[in-house]
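# Secondary and tertiary structure notes
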Amino acid sequence: MVFFFFCDYLKQSDYRFLEDAGRLVDCAARDRLLPRQTSNKFLNFMKNRARKHSIDLKILPIGFAKRKMNSTYFHKKEQRFYWHVKFQFPQSEAEYTEKGVPDNKILHKILERYIDPTESDPVIRQRLQIYTSSPSGVKVFMVLDQKKLGLGRYVELDLQKSLLDNLHNKTVIEFPTLCVVLKDFAGDFATCGQASIC
């Protein structure tokens, strides 16, 4: 209670500082638990498993930043992917990365941590206030590629389906990047239907 009372007096930049510090601590704790295998054998295994789920998983060459940060892995015992997912919230100019997202988790459940008015992290909720208070709701688009001048191609995902179902028949370069957009702004995104290539 005292913490929240104190936070009311902090500036927006202080919220962001606390949020970033918390994220770093969380990432460091999770990184110790995640397998960091990067051999060709392991990467081929991942690609083959993804192919069995009709996902075209592309692995970038060594040295690319996206490859270095990727923590996606396949849990053999559970027969499940645990994805590294990047979230973009353009109306708040915010980005978050979540590691170890199980492929069977429903997309709207994944987003609860960020934009649910009561279930979300209080610091994140403050930064994404335009999302948590929006009566119209959100749409989620997966970034298919990045073109020059920041223009990308997107495909709309289904909030009621699992991450695995949403990635079905799509190309994923290292890990999925999901753009969470207020419905009022969804028309600004050039979508390509449900195909991975358009």
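Described below are features of the structure shown in this document.

Scoring rules and cut-offs
Residues numbered from 1 in each chain as written. Predicted model: local features only at pLDDT ≥ 70, side-chain atom pairs only at ≥ 80, totals over all residues. Heavy atoms only, no water. Helix = DSSP H or I, 4+ residues; strand = E, 2+ residues; numbered from the N terminus. Buried < 20%, exposed > 50% of the residue type's maximum accessible area, 1.4 Å probe, protein only. Contact = heavy atoms within 4.5 Å. Areas by Shrake-Rupley, 256 points an atom, 1.4 Å probe, with all protein chains shown as cover. Expected span 1.5 Å × (residues − 1). Arc of directions from axis to C-beta. Salt bridge = Lys/Arg side-chain N within 4 Å of Asp/Glu carboxyl O. Pairing = 2+ DSSP bridges. Phe/Tyr/Trp six-rings, centres within 6.5 Å; stacked < 30°, edge-to-face > 60°. Lys NZ or Arg CZ within 6 Å of the ring centre and 35° of its normal.

### Some details on the overall build of the chain
Along the chain, the regular secondary structure elements total eight helices and eight strands. Across the 198 residues of the chain, 40% fall into the buried class. Taking as baseline every contact in the chain between residues at least 6 positions apart, the subset at least 24 positions apart corresponds to 64%. Accessible area of the chain: about 11600 Å², with a carbon and sulfur share of 55%.

### Thoughts on helix α3 (residues 40-52)
Note on helix geometry: an α-helix contains 3.6 residues per turn, so any two residues three or four positions apart are oriented the same way. For α3, with 13 residues, the first-to-last C-alpha span of 18 Å sits near the 18 Å given by 1.5 Å per residue. Buried residues of α3: F42, L43, M46 and A50, and no others. For α3, the arc enclosing every buried residue in end-on projection is 100°, short of the 170-degree limit, so these residues lie on one face. In α3, the exposed positions angled more than 90 degrees off the buried face are occupied by N40, K41, R51 and K52. In this structure, the buried side of α3 is in contact with β1 (55-58), α4 (65-69), β2 (73-75) and β3 (80-89). Positive phi appears at S54, one or two residues downstream of α3, with a value of about 60°.

### A word on the pattern of salt bridges
With the rule as written, the count across this model stands at seven salt bridges. Two residues, E78 and R80, come together in a salt bridge whose shortest N-O distance is 3.6 Å. For E78, a relative accessible area of 37% gives the class partly exposed. Across the pair E95 and K86 runs a salt bridge whose closest N-O atoms are separated by 3.5 Å.

### Focus on the pairing of β1
On any regular strand, side chains alternate: one points to one face of the sheet, the next to the other face. Burial of the side chains of β1 is restricted to one face: I55 and L57 are buried, whereas none of D56 and K58 on the reverse face is. Examined bridge by bridge, β1 and strand β7 (residues 170-173) share four bridges and lie parallel to one another. Its bridge partner being in β7, L57 is matched across the sheet by V172.

### Regarding the packing of aromatic side chains
Any two aromatic rings considered together are summarised by their centre-to-centre distance and by the angle between their planes. Tallied over the entire structure, the rule returns ten aromatic pairs. One aromatic cluster is present, formed by F87, F89, Y96, Y114 and Y131 through successive ring pairs. When the ring centre of F175 is taken as reference, the NZ or CZ atom of K66 above it lies at 4.8 Å.

### Focus: unusual backbone geometry
The backbone of S54 shows a phi angle near 60°, a positive value even though the residue is not glycine. Note that S54 resides in the loop between α3 and β1. Of note, the phi angle at N169 is positive, near 65°, even though the residue is not glycine. You can see N169 is positioned in the loop between α8 (163-167) and β7. Looking at N169, the relative accessible area reads 45%, which means it is partly exposed.

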